[in-house]
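# Geometric and topological summary
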Amino acid sequence: MGIFSHNNNSTGDIDYDRLRRDLVDEYGAQSAAFSGGFGFLEMCDAEEATNEQLLEMARREGFNLTKYRK
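Reference entry: report on the structure contained in this document. Chains are numbered independently. Their residues run from 1 in the order of the written sequence. This being a predicted model, a pLDDT of at least 70 is required before a residue's local features are given, and a value of 80 or more before pairs of side-chain atoms are given or counted; all residues contribute to the totals for chains, interfaces and linings. Heavy atoms from the whole structure form the basis of all side-chain values; hydrogens and water molecules are not counted.

Below, the discussion takes up the pattern of salt bridges. Any carboxyl oxygen of Asp or Glu within 4 Å of a side-chain nitrogen of Lys or Arg constitutes a salt bridge here. Across all of its chains, the model carries two salt bridges by this definition. Notably, a salt bridge pairs R69 with D13, separated by 2.8 Å at the nearest N-O pair. Within this pair, whereas R69 is found in the segment after α3 (51-61), its partner D13 is found in the segment before α1 (16-35), the two being separated by 56 residues in sequence. Three exposure classes are used, based on accessible area relative to the maximum for each residue type with a 1.4 Å probe and protein chains only: buried under 20%, partly exposed in between, and exposed over 50%. On the basis of relative accessible area, D13 is assigned to the partly exposed category, the value being 30%. Note that E42 is salt-bridged to R60, the shortest N-O span being 3.5 Å. Of this pair, E42 sits in helix α2 (residues 37-48) while R60 sits in helix α3, placing them 18 residues apart in sequence. By relative accessible area, R60 is classed as partly exposed at 48%. Working definition: helices are DSSP H or I runs of at least four residues, strands are E runs of at least two. Numbering for both runs from the N terminus.

Encoded structure:
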């Protein structure tokens, strides 16, 4: 890492497997509770999402990402 490079996002230390499982669980619960098909589709999206997409989903759902730091 050079002196001019810095990473404000710093997402390399996230436990993405755990985040994915929690998002799948969250969307599954939403599907069962009230949103039906939409929650199911979100659950499927979380299963196939890239790491960046997982972060966006987590932010949208209000997840505390510091909980997923390694």
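The residue Q30 is located in helix α1 in this model. With relative accessibility at 14%, the residue Q30 sits in the buried group.

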